[in-house]
Amino acid sequence: MDLEKTARNIRINIIKQIYAAGSGHPGGALSAADILTLLYFEVMNIPSFTDENRDRFVMSKGHASALLYATLAQRGAIDLSLLPTFRKLGSPLQGHPDMNKVTGVDMTAGSLGLGVSAAAGMALAAKLGSHNYRVYTLLGDGELQEGSVWETFMAASHYKLDNFTVIIDNNNLQIDGEVDKVMSVYPLREKLVAFGFDAVEADGHDFSSLRKAFAVASNLNGKPCAIIAKTIKGKGVSFMENNADWHGKAPDKEQAALAVKELGGEL
Amino acid sequence: MMIATREAFSQAIVELGRKNEKIVVFNADLAHATKTYEFQKNFPDRHFNVGIAEMNMTGMAAGMAACGYIPFVSTFAAFGTGRNYDMIRNAVCYPNLNVKFALTHAGLTVGEDGATHQMLEDIALMNALPNMKIIAPADAVEAKQAIYAAAEINSPVYIRLGRAKTPVIYNDSYEFKFGKADVLVDGEDVTLAACGIMVAKALQAREVLKEKGINAAVLNFSTIKPIDKKAVLDFAKKTQAFVTIEEHSLKGGLGSIIASVTAENYPCAVKMVGASDTFGESGKPEELLEKYGLGINDIVSKALEAVNMKK
């Protein structure tokens, strides 16, 4: 499996979807593309997307929906031809993921803080039913400002959900600017450790670094795991990188063509 | 006999837990007040006290429902529907997940705790949510059956329960039918349409009206969403006048719901008994009902007004 190539295809399809829709959130989708690539093509156990015992993934930062759809399409859960319908009237590919419209979307999300809480509920369900599946969820770093997220962290640790892995897409940018300027969530690792997590930092664009972090997560030691993935918002498209302006804006035709070209594809 | 509807919930949920191992209960540090501690005693593995954290409680319940469990979320109605609204909307109702909200301490009859804990807007909030169903049982007998019925419905359900001991109006032969109003007493002159603990008051008001020569029908609209349109329209045609009676705000409660059915389909006189754009305050349950316009005399005078409007 060529993970690099897969991640590149996913990034191309993120840009194509958002360009076709004329709206969407490229920055935070591109930043987590490598994380989702590794999850869906190496880490997670998904015999089929309807298997009760499959590992679950919840996109808590639901605005990165284009990333989730591009990944599911790459993984065969969604027909690639559906991607151009993203965010359009009648499409199953809603602006924020809807579990009832797309097989493969494990939880509806969009209101920040919601997905992580539901994901913890799924991990609790696995424990109660003595199932072996694991639950992964991806949060934005800005999302950590939602108070209910910390309610969930408290509970995950209290219920010893060692089948639960939180990945924080730590690109340090949210809509209104830098996370530490808007409302600092730092120090992250220390906070998560204090909440009872195994907390590890990783380079969110380096598969071997992420792989090591997921190995820590797979450890059934009675503690949930948090992976603080250092990422670059807009990763892969030079003019989108580290620029909060690309949080929730679609590229025009010229920009989309340039972005896709930089990623090695064609619009 | 006086029994609180929260007491009935406590018994019913244990029964359910015995029959169905998919039933789980979530609580936010109110296991004693909401009486889920009985479930906790019987099924410690299936009772989750998440601490004072209503939002995460609801999100986790949604996650469990997505994995095939039937979670009953329990706290006070004020926090369970108010603070929690976004989670109910986006984590439960939008994905139509099978989470039940058995919320106690609804309405003024919370009593001494005062306005922060006396929820009067919950029906309005929950009625506005697609996929949500609402049941406000009239007494302990109906509350028990409503809990059983809610477990059989594959969608979110809000069961509105009270703190105070209130009269039992049904005997054990009563059969709750989800979505159907119960005609307690038939009548021709005016329809007293009540829900929750106000049904017992409506029955008492009927006796007073009878002495004044008015023959009132009394209907229990325990299912508030979906409202029993047929019952509303049958009695609109029959009596031409309604008094709606609820321990809830007049804005967006049973009265608003019934009035919108009559206004659209069969305009007739509708007078409303409920809390009038106000918060409550500390006091004894009965004192509060009197002060805030929810006494038997208030029902009687509104009924007389409704009858006069017909002429």
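In this text the structure is predicted, and so the values were computed from the model without any measurement.

Novice: Any chance you could break down the overall build of chain A for me, citing the residues and the numbers?
Specialist: Of the regular secondary structure elements, chain A holds ten helices and seven strands. For a compact globule of 267 residues, the expected C-alpha radius of gyration is about 18 Å, and chain A comes in at 17 Å, within 12% of that figure. Projected onto the principal axes, the alpha-carbon positions of chain A cover approximately 50 × 40 × 35 Å. Each of the 267 residues in chain A was classed as buried or not, and the buried ones make up 59%. Between the centroid of the 26 positive side chains of chain A and the centroid of its 30 negative side chains there is a distance of 2 Å.

Novice: Requested: an account of the layout of surface pockets, with residues and values cited.
Specialist: Computed from the structure, the largest pocket encloses a volume of approximately 360 Å³. Arg 56 of chain A together with Ala 65, Ala 66, Cys 67 and Gly 68 of chain B are the residues nearest the centre of the largest pocket, which is lined by 24 residues in total. Only α5 (114-128) of chain A together with α3 (54-66) of chain B provide two or more residues apiece to the lining of the largest pocket. Residues of the lining of the largest pocket, tallied by class, amount to eleven nonpolar, eight polar and five charged. Lining the second largest pocket are 20 residues; nearest its centre among them are His 63, Leu 112, Gln 174, Ile 175 and His 247 of chain A. Tallied by class, the residues present in the lining of the second largest pocket amount to three nonpolar, eleven polar and six charged.

Novice: Which residues make up the environment of Gly 179 of chain B, and what values do they have?
Specialist: Residues and elements named next belong to chain B. Assignment of secondary structure puts Gly 179 in the loop between β8 (166-167) and β9 (182-185). Considering only alpha carbons, one finds Gly 179 and Ile 135, 44 residues apart in sequence, at a separation of 8.8 Å. With near-sequence residues (within four places) excluded, Gly 179 lies in contact with Thr 223, Pro 226 and Asp 228.

Novice: Explain the packing of aromatic side chains to me, and be specific about the residues and the numbers.
Specialist: Within the structure shown, the criterion is met by 13 aromatic pairs over all chains. Measuring from ring centre to ring centre gives 5.7 Å for Tyr 40 of chain A and Phe 57 of chain A, while their planes differ by 70°; the resulting arrangement is edge-to-face. Of this pair, Tyr 40 of chain A sits in helix α3 (residues 33-43) while Phe 57 of chain A is found in strand β1 (residues 56-59), placing the two residues 17 residues apart along the sequence. By relative accessible area, Phe 57 of chain A is classed as buried at 2%. Taken together, the ring pairs connect Trp 150, Phe 153, Phe 195 and Phe 197 of chain A into an aromatic cluster. Cation over ring: Lys 19 of chain B sits above Tyr 148 of chain B, and NZ or CZ is 5.1 Å from the ring centre.

Novice: Requested: an account of empty space enclosed by the protein, with residues and values cited.
Specialist: Residue and element names in this part refer to chain B. In this structure the tally under the stated criterion is one cavity of 30 Å³ or more. Its volume calculated, the largest cavity comes out at about 100 Å³. Lining the largest cavity, in full, are Thr 5, Ala 106, Ala 136, Pro 137, Arg 160, Leu 161, Gly 162, Cys 195, Gly 196, Ile 197 and Glu 247. Residue composition of the lining of the largest cavity, by class: six nonpolar, three polar and two charged. When residues of the lining of the largest cavity are sorted by domain, at least three fall in each of domain 1 (2-167) and domain 2 (182-310).

Novice: Describe in detail the sheet that holds strand β5 (residues 100-103) of chain B, supporting the description with residues and values.
Specialist: Across a sheet, strands are paired by hydrogen bonds formed along the backbone, either parallel or antiparallel in direction. Residues and elements named next belong to chain B. Here seven strands make up an open sheet; going across it, the order is β3-β2-β4-β5-β7-β6-β12 and the pairing mixed. Since the sheet does not close on itself, it has two edges, and those belong to β3 (47-49) and β12 (223-225), each with one partner. Going across the sheet, the axis of each strand differs from the next one's by a mean of 20°, ignoring polarity. Judged from the two bridges that link them, strand β6 (residues 133-135) and β12 form a sheet pairing that is antiparallel. Note that in β12 the partner of Ile 135 across the bridge is Thr 223. Running at roughly 170° to strand β4 (residues 70-74), α3 makes contact with β2 (23-27), β3, β4 and β5 of the sheet.

Novice: Account for the domain arrangement of chain B, naming residues and giving values.
Specialist: Residues and elements named next belong to chain B. The assigned domain composition of chain B is domain 1 (2-167) and domain 2 (182-310). Centre-to-centre separation of domain 1 and domain 2, based on C-alpha positions: 25 Å. Contacts between the two partners involve 31 residues from domain 1, matched on the other side by 33 residues from domain 2. Here Glu 112 and Lys 284 are joined by a salt bridge, their closest N and O atoms 3.4 Å apart.

Novice: Can you lay out unusual backbone geometry for me, pointing to particular residues and giving the numbers?
Specialist: With an omega of -5°, the peptide bond running from Tyr 186 of chain A to Pro 187 of chain A counts as cis. Of note, Pro 187 of chain A is situated in the loop between α7 (179-183) and α8 (188-194). A cis amide bond links Lys 225 of chain B with the next residue in sequence, Pro 226 of chain B, at an omega value of 0°. Mapped onto the fold, Pro 226 of chain B is located in the loop between β12 and α9 (229-239). Unusually for a residue other than glycine, Ser 130 of chain A sits at a positive phi of about 55°. Looking at the secondary structure, you find Ser 130 of chain A in the loop between α5 and β2 (135-140).

Novice: Pulling in residues and values, what's your account of the packing of helix α1 (residues 3-21) of chain A against helix α4 (residues 65-74) of chain A?
Specialist: Residues and elements named next belong to chain A. Close contact between α1 and α4 brings their axes to 9 Å; oriented N to C, the two are set at 130°. Here α4 runs oblique to α1, going by the angle between their axes. Between α1 and α4 lies a crossing whose hand is right-handed. Contact residues: α1 offers Thr 6, Asn 9, Ile 10, Asn 13, Ile 14, Gln 17 and Ile 18, while α4 offers Ala 66, Leu 67, Tyr 69, Ala 70, Thr 71 and Gln 74. A per-class count over the contact of α1 with α4 returns seven nonpolar, six polar and no charged.

Novice: So what's going on with the nonpolar core? Residues and values would help.
Specialist: Among the nonpolar cores identified, the biggest contains 147 residues, and Tyr 40 of chain A together with Phe 26 of chain B are the most heavily contacted of them. With residues up to four places along the chain from it excluded, the contact list for Phe 26 of chain B reads Leu 124 of chain A together with Phe 48, Val 50, Met 57, Met 60, Ala 61, Met 64, Pro 71, Phe 72, Val 73 and Ser 74 of chain B. Of all hydrophobic cores here, the second largest spans 61 residues; its members include Ala 8, Phe 9, Ile 245 and Tyr 292 of chain B.

Novice: Account for the confidence of the model for chain B, naming residues and giving values.
Specialist: In this model, chain B carries an average pLDDT of 97, and 100% of its residues clear a pLDDT of 70 or more. The ipTM, which scores confidence in the relative placement of chains, is 0.96 for this predicted complex, and the corresponding pTM is 0.97.

Novice: How would you sum up α4 of chain A? Please name residues and give values.
Specialist: All names here are of chain A. By the criterion of burial, α4 is predominantly enclosed, with nine of the ten residues buried. In the core, the buried residues of α4 are packed alongside α1, α2 (26-31), α3 and β1. Directly after α4, the chain includes Gly 76, whose backbone phi takes a positive value near 90°.

Novice: Quick rundown of α1 of chain A? Include the residues and the values.
Specialist: Residues and elements named next belong to chain A. Taking 1.5 Å as the rise per residue, α1 with 19 residues should run 27 Å; its terminal C-alpha atoms sit 27 Å apart, in good agreement. Buried residues of α1: Leu 3, Thr 6, Ala 7, Ile 10, Arg 11, Ile 12, Asn 13, Ile 14, Ile 15, Gln 17 and Ile 18, and no others. Elements in contact with the buried residues of α1: α2, α3, α4, α9 (207-217) and α10 (253-262). Measuring from the side-chain oxygen of the N-cap residue of α1 to the backbone nitrogen of Glu 4 gives 3.2 Å; that N-cap residue is Asp 2. Positive phi appears at Gly 22, one or two residues downstream of α1, with a value of about 75°.

The rules behind the values
- Residues numbered from 1 in each chain as written.
- Chains lettered and ligands numbered in written order.
- Predicted model: local features only at pLDDT ≥ 70, side-chain atom pairs only at ≥ 80, totals over all residues.
- Heavy atoms only, no water.
- Helix = DSSP H or I, 4+ residues; strand = E, 2+ residues; numbered from the N terminus.
- Rg over C-alpha atoms; globule rule 2.2 N^0.38 Å.
- Buried < 20%, exposed > 50% of the residue type's maximum accessible area, 1.4 Å probe, protein only.
- Lys, Arg positive; Asp, Glu negative; His and termini not counted.
- Charge placed at Lys NZ, Arg CZ, Asp CG, Glu CD.
- 1 Å grid on protein atoms, 1.4 Å probe; cavity = no way out; pocket = protein on both sides within 12 Å on 5 of 7 lines; lining within 4 Å.
- Points joined across faces, edges and corners; volume = space filled by probe spheres on them.
- Nonpolar A, V, L, I, M, F, W, Y, C, P; charged D, E, K, R; others polar.
- Contact = heavy atoms within 4.5 Å.
- Phe/Tyr/Trp six-rings, centres within 6.5 Å; stacked < 30°, edge-to-face > 60°.
- Lys NZ or Arg CZ within 6 Å of the ring centre and 35° of its normal.
- Domains from an automatic or database assignment.
- Pairing = 2+ DSSP bridges.
- Axes fitted to C-alpha atoms, helices over the stretch in contact; angles between N-to-C directions.
- Salt bridge = Lys/Arg side-chain N within 4 Å of Asp/Glu carboxyl O.
- Parallel < 35°, antiparallel > 145°, perpendicular 65-115°, else oblique.
- Left-handed = near helix turned anticlockwise from the far one by under 90°.
- Core = buried A, V, L, I, M, F, W, Y, C linked by side-chain atoms within 4.5 Å.
- pLDDT = per-residue confidence, 0-100.
- Expected span 1.5 Å × (residues − 1).
- Polar contact = N/O pair within 3.5 Å; in protein donor to acceptor, adjacent residues only side chain to side chain.

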